[in-house]
Amino acid sequence: MAIEPDQTGSPGAPRRRPALRALGLLALASLAAVAVGLLVEGSRRRIADNESAQVMKTLRSVLPTSGYDNHPDQDRILVVAPDLLGSDEPLPVYRARRGGEPVAAVITVIARQGYVGPIRLLVSLAPDGTVLAVRAIAQQETPGLGDRVDAAKSTWTQIFSGKSLDDPDAKNWAVTRDGGAFDQMTGATVTSRAVVNAVRDAALYFEQHHAEIFQHPPE
Amino acid sequence: MNTAPATDQHRHASGARQDDPALLLLLGICPLLGAIVSLLAGLGLGIATLAILVGASALASAMRHRMPGSVRFAAALLLIATLATAVSILFEVFLFDLFLALGIALPLLVTNAGIVVQVGTVDSDQPLRLAVVDAAALGGRMILLMAALGAGRELLGQGSLLSGADAFGENAAAITVHLTHGDAGFTLTLVPAGGFLLLGLLVGMHNAIKARQAAPT
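Residues numbered from 1 in each chain as written. Chains lettered and ligands numbered in written order. Predicted model: local features only at pLDDT ≥ 70, side-chain atom pairs only at ≥ 80, totals over all residues. Heavy atoms only, no water.

### With respect to the overall build of chain A
Phase 1: The secondary structure content of chain A amounts to four helices and five strands.
Phase 2: Computed over C-alpha atoms, the radius of gyration of chain A comes to 26 Å, more than 25% over the 17 Å expected from 2.2 N^0.38 for 219 residues, which places it beyond the range of a compact globule.
Phase 3: The C-alpha extent of chain A, read off along each of the three principal axes, is 90 × 45 × 30 Å.
Phase 4: A total of 219 residues make up chain A; the buried ones form 40% of that total.
Phase 5: Within chain A, residue pairs in contact and separated by at least 24 positions form 47% of the contacts whose partners lie at least 6 positions apart.
Phase 6: Accessible surface, chain A: about 12000 Å² in total, of which carbon and sulfur atoms supply 54%. (Helix = DSSP H or I, 4+ residues; strand = E, 2+ residues; numbered from the N terminus. Rg over C-alpha atoms; globule rule 2.2 N^0.38 Å. Buried < 20%, exposed > 50% of the residue type's maximum accessible area, 1.4 Å probe, protein only. Contact = heavy atoms within 4.5 Å. Areas by Shrake-Rupley, 256 points an atom, 1.4 Å probe, with all protein chains shown as cover.)

Put into structure tokens, the structure is as follows:
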């Protein structure tokens, strides 16, 4: 390809050399990068606000409505427990208190054996180890089947409320198909089994780290 | 390759393929089929598409004298990508719940062939106002298509319309319409495979209509 300008007198815009065109693109790209950078910086705080509002919204769905007077989304610690909580990454545990006394702990647990992928759950527990509520906050299960783990689609996750590691006892913490006490969602046994195991593991984690969960200073 | 005269047909062609611009429109939304499972999702993506189209077209048109043919596509892609990022951030700030629901589909608008062809070819030739009008026309058609597809999938799959309205505040959730209750729903339409089936039906209908129009009488 010739790099001299076109000499044959073709009408219209003059031909520029490839180097100039490349420079032009580079200038455009730099301008775009600056614009995007400014936008990202300018929106950072509002997006963070949105995210913490979202966290607070999901926490409210697993905590009793009036039982606490602190800000659980801020009173939280990060824990790493790959065997029980399903991830090598630090996962948040939120504490709800009233008058300084522990009222509930909300543990984030990841059910790795979901049908399509991992399911991120919030399990809230009373200080005596009773499960208060379970909510799925991120899942990709099959619509109409496994995705009924989402509280917006069905009330299945309510079967865990009031349960604890004593009720049902250890061998009954399974779906009925495996001989346990929890009815699986119709057509979604794999999802149900994964969630039952994850809730049980969260309760186990709570039992093993009870003191530390409530006493560790927030981070 | 038939080259139509530069008349109204060219002016209002949604995309540079004068032989079948509507097909390009239909196929251009393939990457988004995973996310368009409800009316609101379709509307959200449609409006995002409109914003990207109009913005990128306006900029491409404004710069058209400085951009010779060989860099035109590269520049168009750059503009589209920048605008898609900007629109994605705006959704994240103002429509957070919808942003979470749409997930990867918002940035994925960069791959929408309809946008790329429109900005890269047609609009970088036209004066500003024409470029914007053309882009808006294409964007409008995309909103209709995505909203219709989303509404159809939501209705057949869940028996509801406008679900997810609580993205606009808790009071807005009341406008969600539930036409069936409980589990009644044709689940196939909610998975991507169902989306492709529905899109295929739409393409088939489009081809049938076109064939009938072309049939000599």
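### Considering the confidence of the model for chain B
Residue and element names in this part refer to chain B.
Phase 1: Across chain B, the average pLDDT comes to 79, with 79% of residues at or above 70.
Phase 2: Per-element confidence in chain B is highest for helix α3 (residues 39-62), whose mean pLDDT is 90, and lowest for helix α1 (residues 8-11), whose mean pLDDT is 46.
Phase 3: Confidence drops under pLDDT 50 across residues 1-18; counting only partners more than four residues distant or on other chains, this segment forms 26 contacts.
Phase 4: With a pTM of 0.75, the predicted complex shows an ipTM of 0.74. (pLDDT = per-residue confidence, 0-100.)

### Focus: helix α8 (residues 128-158) of chain B
Phase 1: Taking 1.5 Å of rise per residue, the 31 residues of α8 of chain B would be expected to cover 45 Å, and the 43 Å separating its terminal C-alpha atoms lies within 8% of that figure.
Phase 2: Directly after α8 of chain B, the chain includes G159 of chain B, whose backbone phi takes a positive value near 70 degrees. (Expected span 1.5 Å × (residues − 1).)

### Considering the interface of chain B and chain A
It is common to give the size of an interface as the accessible area lost on bringing the parts into contact.
Phase 1: Each partner contributes residues to the interface: chain B has 24 residues there, and chain A has 20 residues.
Phase 2: Summing both sides of the interface, chain B and chain A together bury roughly 1900 Å²; the carbon and sulfur share of this comes to 72%.
Phase 3: On the surface where chain B and chain A come into contact, there are one salt bridge.
Phase 4: Linking D97 of chain B and K57 of chain A is a salt bridge whose minimum nitrogen-to-oxygen distance equals 3.5 Å.
Phase 5: Here chain B and chain A share three residue pairs in polar contact (both at pLDDT 80 or more) between them.
Phase 6: At the level of elements, α4 (69-94) and α5 (96-102) of chain B are the ones that each hand at least two residues to the side of chain B that touches chain A. (Buried area = accessible area lost by both parts, 1.4 Å probe. Salt bridge = Lys/Arg side-chain N within 4 Å of Asp/Glu carboxyl O. Polar contact = N/O pair within 3.5 Å; in protein donor to acceptor, adjacent residues only side chain to side chain.)

### Notes on the packing of aromatic side chains
Residue and element names in this part refer to chain A.
Phase 1: Enumeration according to the criterion identifies six aromatic pairs over all chains in this entry.
Phase 2: Measuring from ring centre to ring centre gives 6.0 Å for F206 and F214, while their planes differ by 90 degrees; the resulting arrangement is edge-to-face.
Phase 3: Here F206 falls in the buried class, since its relative accessible area comes to 2%.
Phase 4: Through a chain of ring-to-ring contacts, the aromatic side chains of W156, F160, W173 and F182 assemble into a single cluster. (Phe/Tyr/Trp six-rings, centres within 6.5 Å; stacked < 30°, edge-to-face > 60°.)

### Things to note about the sheet that holds strand β4 (residues 119-125) of chain A
Residue and element names in this part refer to chain A.
Phase 1: What the five strands build is an open sheet, ordered β1-β2-β3-β4-β5; its pairing is antiparallel. Each having just a single partner strand, β1 (76-79) and β5 (131-138) make up the two edges of the open sheet. Going across the sheet, the axis of each strand differs from the next one's by a mean of 20 degrees, ignoring polarity.
Phase 2: Of the strand pairs in this sheet, β1 and strand β2 (residues 91-98) are connected by four bridges, and their pairing is antiparallel. When the sheet's bridge partners are listed, R76 is paired in β2 with Y94.
Phase 3: Those strands touched by helix α1 (residues 18-62) are β2, β3 (101-111), β4 and β5, and its axis lies near 145 degrees from that of β5.
Phase 4: Lying on the sheet, helix α3 (residues 189-208) is in contact with β1, β3, β4 and β5; it crosses β4 at an angle near 45 degrees. (Pairing = 2+ DSSP bridges. Axes fitted to C-alpha atoms, helices over the stretch in contact; angles between N-to-C directions.)

### Digging into the pairing of β2 of chain A
Residues and elements named next belong to chain A.
Phase 1: In terms of residue burial, β2 counts as a mostly covered element, since seven of its eight residues are buried.
Phase 2: Pairing of β2 with β3, which is carried by six bridges, proceeds in the antiparallel orientation. Within the sheet, the bridge partner assigned to R98 lies in β3 and is E101.
Phase 3: If you look at the hairpin formed by β2 and β3, you'll find two residues sitting between the two strands, and G99 has a positive phi there, around 60 degrees.

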